[in-house]
Amino acid sequence: MDLRNGIGLRPLGSSAAEFEQDLLSNLYYRRGTTVESASMQDAYETLALTVRDRLAERRARTTAAHYAANPRWVYYLSAEYLLGRQLEQNLLYSGTGTIATAALKALGVSYDEVEALDIEPGLGNGGLGRLAACLVDGLATLDIPAVGYGIRYDFGIFKQDFADGAQVEKPDDWTFQGNPWEFPAPDDREPVFFYGHVEKGEDGRRKWVPGEVVLGEPSHMLVPGYGTDTVNIVRLWKARGSESSFDLSRFSAGQYAEAVQEAVRAENISKVLYPDDSTELGRELRLKQQYFLVSCSLRDILRRFRLWGAPLTDLSDKAVIQLNDTHPSLAIPELMRLLVDEEGLDWDTAWAITQRTFAYTCHTLLPEALETWPVGMFERLLPRHLEIVYDINEWLLGQVRSRFPGDIERVRRMSLIQETPERRVRMANLAVVGTTAVNGVAQLHSDLLVSTTFADFATLWPGKFRNVTNGVSPRRFVRLANPKLSDLISSALGDTGWIKDLDRLAELEQFAGDAGFLERWREIKRANKVRLGLGDPDSLTDVMVKRFHEYKRQQLKLLHVISEYFKIKDNPAGAYVPRTVLFAGKAAPAYHAAKSIIHLINAVAAVIDADPEVSPHLKVVFPPNYNVTLAELIIPAADLSEQISLAGKEASGTGNMKLALNGAITIGTLDGANIEIRDRVGADNFFLFGLDTPAAVALRSSGYRPRDYYEADPELKRALDAIAAGVFGGVGQEVAASLLNHDEYLTLADFRAYADCQDQVERAWRDADAWTRSSVLNTARSGFFSADRTVSDYVSGIWQVSPVTVG
Ligand code: 26Q
């Protein structure tokens, strides 16, 4: 046998002819069909399997290398992964793009038609889920041994459609046609317990007697690194009824349907992703999902650790477990339970192991987005975990009392249990006490966590708090999303090394004064607009793409659009910069105010479209169902990137980074990572406006009166009056009333600064060369925002792991 690739396998061929042979054999042997009777779906699945095989070979070699090295592993726990479509990525990473298209052509199959069948696994809501995908990409690219753990939801994030301009949600049955990218591993299933009660065992240990057992069945998807042989995995758990949940007593009593019902109930746990971004919804099934993820993943991690025969006290030498927000923070009491109840360790030893092993990333600043669970629900579902939470709380409050004797208020604030208006478990506090490091996701965010959200904890443990500024995958969001720009960059820089060394984009600076280069740059932006196919490619393409939330202030952008509409109506013969305003994003189905804003945007778009005086100058487009696939089309086409959240509310943002890397210029507030973008690209290449965080805090606490701003600004008044009068339909009244009476996110206070800043944008746009130069500089100076840099920061600041090279 030829052992050249070290895993006892003949290496797969790297010629188009060999690839074609493999396509055929996969068509026959794995799809069980023939060229004559194959459907497009057969062609797609066959291609996917053939590409996957190339990566699976690397995966086998990766596993061999990891076993030989016995390294410290990164385990990334996340309830969400927004991986994006897999086919193009895997063609690129496996280096088979050219031979695959040639082989398909030889078989008479159109690559584009096949590619259109690749489904995006929408297993996340927005930024947090996409960050998880970018980080696992960076981990593999940097050869870090890592596993991402998550949930294999049957239904991903809902599909957004519009009915008369209003959002309607449709189920996302993403595996309807199967999923050629995953490897089910039913043999690795793990039991998960719920409900029941706690007893004292004969040995004096606490013993959880569960009332329900379900099974977690894993499957994994391959996560290849770019420009390396490392292939890591994300392991996704799917819930199954256990045989014991198939209640035999009822079965024999003839209650077959009821018995089956139990299994169905179990399988509901991984049925659907909760479509909430940032605002918590206290549903028991969501808590069940979280524990399901945690229980399966920890058992898997311990199973892997035990292969080495080391004592559990050494766990943190071989594992660091990163919690992606508090969604997996039940891992803290769960590890305590496994170590104390199941392994018989004493509490102090178990607690030391636990604190050493976990780290926690916080993704929010909104107090209402900090997860808490009612104590009653928690106790019913996880009785033993509540006891452990109480024990941890006793330890925590002991620390607080000895540092701050008599400070009852501090004890109340820091407790893991909120007492009023109802008793609830504070998951963020739990995540802070149970971990070795806590990080925010941009410098401002991390600073605000220390000075506000976690101030008491930062006083007690100042060394625990870090910043790790987010980053994005340059592979997915530059190389794959923007192939033309990538080719230009590669030819300017002389090679493709920048794709995994993004700081090298700085070398583009020397071309910022090169007329020919600027011309090419502009042509590519235009071609990307043509590819997108929404609006005039010569217009300023002004993009606001993100989840809908009032703090992000899509309503501010809309107010400006309406004021521009009136400006043009007043003087249709004026000279205007033609603009295409592109909104995209979903609102949580239960978030009424956000849905009203979507509805109103669509109504405004229709009014403008129907108005021949205005439509030559201004167009509003709102393609439905924003997802990773649509982002990859929109972002390369953007001239202007709208990052206009109220300062102090957006933890980081990552769309801002993707847009800057693709040469969009930001109009934005001093919020989240906008600050770091501006620091790097330069104040001259960034349109800054609005209140900063201290000014916003001061205004809110001094009795903010939105009506004062409305009365003082005729343009603003006219726009709001029109909305309120129903010029854009009935939904306007509600939006206007909310802005005039509450305006929680200071939209009206920032309106004038925003509108003036948009005037500056138009002046800048009129000088095409200066704009393009600024666009180039945005790309050239944004190399810092690579997910590879983010991963490196986690590695050196928190994880202390080393790469393992695959031979
Ligand atoms: C919580 C409880 C119940 C149901 C759902 C949720 C839930 C789900 C998703 C809470 C929050 C989220 C997502 C949060 C999120 O995406 N945050 C974003 O994270 C990005 C990556 O760090 C940041 O760039 C964004 O600033 C932040 O808003």
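So, a few notes on the structure that sits alongside this text. All values reported here derive from a predicted model rather than from experimental measurement.

Description of the overall build of the chain
For step 1, the next point in the chain: Within the chain, the secondary structure is distributed over 33 helices and 25 strands.
For step 2, the next point in the chain: Computed over the C-alpha atoms, the radius of gyration of the chain is 27 Å, within 12% of the 28 Å expected from 2.2 N^0.38 for a compact globule of 807 residues.
For step 3, the next point in the chain: Principal axes of the C-alpha set define a box for the chain whose edges measure 90 × 75 × 60 Å.
For step 4, the next point in the chain: Burial analysis of the chain (807 residues in total) assigns 61% to the buried set.
For step 5, the next point in the chain: Excluding contacts between residues fewer than 6 apart, the proportion of contacts in the chain whose partners are at least 24 apart in sequence is 77%.
For step 6, the next point in the chain: Of the accessible surface of the chain, which amounts to about 29,500 Å², a share of 52% is contributed by carbon and sulfur atoms.

Notes on the site of the ligand
For step 1, the next point in the chain: Close contacts around the ligand come from 22 residues, with Asp 276, His 363, Asn 470, Glu 650 and Gly 653 the closest.
For step 2, the next point in the chain: Between the ligand and Tyr 551 there is a distance of 3.3 Å, counted from an oxygen atom to a side-chain nitrogen or oxygen.
For step 3, the next point in the chain: Within the backbone of Ala 651, a nitrogen or oxygen atom sits 3.4 Å from an oxygen atom of the ligand.
For step 4, the next point in the chain: Coverage of the ligand by the protein amounts to 96% of the 610 Å² it exposes when considered alone.
For step 5, the next point in the chain: The greatest single-element share of the shell around the ligand, amounting to three residues, is contributed by helix α6 (residues 127–141).
For step 6, the next point in the chain: Across the shell around the ligand, the residue classes break down as six nonpolar, nine polar and seven charged.

Some details on the sheet that holds strand β16 (residues 417–418)
For step 1, the next point in the chain: The three strands are arranged β15-β17-β16 in an open sheet whose pairing can be described as antiparallel. Both edges of this open sheet fall to β15 (372–374) and β16, since each of them pairs with a single strand only.

What about the packing of helix α2 (residues 40–69) against helix α3 (residues 87–94)?
For step 1, the next point in the chain: Running from N to C, α2 and α3 point in directions that differ by 40°, and their axes come no closer than 10 Å. Considered as vectors, α2 and α3 are oriented oblique to each other. Relative to α3, the crossing made by α2 is left-handed. Two secondary-structure elements touch here, α2 through Tyr 44, Leu 47, Val 51, Arg 54, Leu 55 and Arg 58 and α3 through Leu 87, Asn 90, Leu 91, Tyr 93 and Ser 94.

Description of a nonpolar patch on the surface
For step 1, the next point in the chain: Taken together, the side chains of Tyr 28, Tyr 29 and Val 35 make up a nonpolar region of the molecular surface, amounting to roughly 350 Å² of accessible area.
For step 2, the next point in the chain: With respect to the helices, strands and loops of the structure, Tyr 28 is situated in helix α1 (residues 16–29).

A short note on the packing of helix α29 (residues 714–724) against helix α31 (residues 747–766)
For step 1, the next point in the chain: Where α29 contacts α31, the two axes come as close as 10 Å, and the packing angle between them is 125°. By the angle class used here, α29 and α31 are oblique. Handedness of the crossing formed by α29 with α31: right-handed. Between α29 and α31, the contacting residues are Glu 715, Leu 716 and Leu 720 on the first element and Leu 748, Phe 751 and Arg 752 on the second.
For step 2, the next point in the chain: Looking at the contact of α29 with α31 residue by residue, the classes come out as four nonpolar, no polar and two charged.

A word on the nonpolar core
For step 1, the next point in the chain: Judged by nonpolar contacts, the single largest core of 136 residues is most densely connected at Leu 47, Phe 454 and Trp 799.
For step 2, the next point in the chain: The element best represented in this core is helix α9 (residues 284–306), accounting for ten residues.
For step 3, the next point in the chain: Discounting chain neighbours no more than four positions away, the residues touching Trp 799 are Arg 72, Val 74, Leu 139, Val 320, Gln 322, Val 791 and Tyr 794.
For step 4, the next point in the chain: Within the second largest apolar cluster, 68 residues are counted, among which are Leu 559, Tyr 565, Ile 665 and Ala 696.

A short note on the side chain of Glu 80
For step 1, the next point in the chain: Residue placement: Glu 80 occurs in the loop between β1 (73–77) and β2 (81–82).
For step 2, the next point in the chain: There is a polar contact of 2.7 Å between the side chain of Glu 80 and the backbone nitrogen of Asn 125.
For step 3, the next point in the chain: Not counting the four nearest positions on each side in its chain, Glu 80 is found in contact with Leu 123, Gly 124, Asn 125, Gly 126, Leu 128, Gly 129, Ala 132 and Leu 273.

Brief notes about the pairing of strand β10 (residues 206–209)
For step 1, the next point in the chain: With four bridges joining them, strand β9 (residues 197–200) and β10 adopt antiparallel strand pairing. Each bridged residue has a counterpart across the sheet, and for Glu 199 the counterpart in β10 is Lys 207.
For step 2, the next point in the chain: Hairpin connection of β9 to β10: five residues between the antiparallel strands, including Gly 204 at a positive phi of 85°.

Here's the deal with the packing of aromatic side chains
For step 1, the next point in the chain: Per the stated rule, a full pass over the model turns up 29 aromatic pairs.
For step 2, the next point in the chain: Look at Tyr 93 and Tyr 226: their rings are 5.6 Å apart centre to centre, the planes differ by 80°, and that puts the pair in the edge-to-face class. One end of the pair, Tyr 93, is in helix α3; the other, Tyr 226, is in the loop between β11 (212–224) and β12 (231–241), and 133 residues separate them in sequence.
For step 3, the next point in the chain: Given a relative accessible area of 3%, Tyr 93 falls into the buried group.
For step 4, the next point in the chain: Take Tyr 226: its relative accessible area is 13%, and that puts it in the buried class.
For step 5, the next point in the chain: One aromatic cluster in this structure is built from Trp 347, Trp 351, Tyr 360, Trp 395, Phe 454, Phe 457, Trp 461 and Phe 465.
For step 6, the next point in the chain: Here Arg 304 stacks its cationic end above the ring of Trp 73, 4.2 Å away from the centre of that ring.

So, α31
For step 1, the next point in the chain: When the terminal C-alpha atoms of α31 are compared, their 28 Å separation across 20 residues agrees well with the 28 Å that a helix rising 1.5 Å per residue should span.
For step 2, the next point in the chain: The largest bend along α31 measures about 25° and falls at Ala 753.
For step 3, the next point in the chain: Along α31, the positions that sit buried rather than exposed are Thr 747, Leu 748, Ala 749, Asp 750, Phe 751, Tyr 754, Ala 755, Cys 757, Gln 758, Val 761, Glu 762 and Trp 765.

A closer look at the side chain of Arg 337
For step 1, the next point in the chain: You can see Arg 337 is positioned in helix α11 (residues 331–342).
For step 2, the next point in the chain: Exposure remark for Arg 337: the relative accessible area of 3% places this residue in the buried category.
For step 3, the next point in the chain: Residues contacting Arg 337, with those up to four places away along its chain left out, are Trp 208, Tyr 291, Arg 299, Glu 342, Arg 384, His 385 and Ile 388.

Description of helix α17 (residues 443–453)
For step 1, the next point in the chain: Regarding α17, the residues found buried are Leu 444, His 445, Ser 446, Leu 448 and Leu 449.
For step 2, the next point in the chain: Looking at the buried residues of α17, the elements they touch are β18 (438–440), α18 (455–460), β19 (465–467), α26 (674–681) and α27 (693–701).

Calculation notes
- Residues numbered from 1 in each chain as written.
- Predicted model: local features only at pLDDT ≥ 70, side-chain atom pairs only at ≥ 80, totals over all residues.
- Heavy atoms only, no water.
- Helix = DSSP H or I, 4+ residues; strand = E, 2+ residues; numbered from the N terminus.
- Rg over C-alpha atoms; globule rule 2.2 N^0.38 Å.
- Buried < 20%, exposed > 50% of the residue type's maximum accessible area, 1.4 Å probe, protein only.
- Contact = heavy atoms within 4.5 Å.
- Areas by Shrake-Rupley, 256 points an atom, 1.4 Å probe, with all protein chains shown as cover.
- Near = heavy atom within 4 Å.
- Polar contact = N/O pair within 3.5 Å; in protein donor to acceptor, adjacent residues only side chain to side chain.
- Nonpolar A, V, L, I, M, F, W, Y, C, P; charged D, E, K, R; others polar.
- Pairing = 2+ DSSP bridges.
- Axes fitted to C-alpha atoms, helices over the stretch in contact; angles between N-to-C directions.
- Parallel < 35°, antiparallel > 145°, perpendicular 65-115°, else oblique.
- Left-handed = near helix turned anticlockwise from the far one by under 90°.
- Patch = residues over 30% accessible without salt bridge, like charges linked within 9 Å, V, L, I, M, F, W, Y side chains within 5 Å.
- Salt bridge = Lys/Arg side-chain N within 4 Å of Asp/Glu carboxyl O.
- Core = buried A, V, L, I, M, F, W, Y, C linked by side-chain atoms within 4.5 Å.
- Phe/Tyr/Trp six-rings, centres within 6.5 Å; stacked < 30°, edge-to-face > 60°.
- Lys NZ or Arg CZ within 6 Å of the ring centre and 35° of its normal.
- Expected span 1.5 Å × (residues − 1).
- Bend = angle between axes of the 7 residues up to and from the residue.

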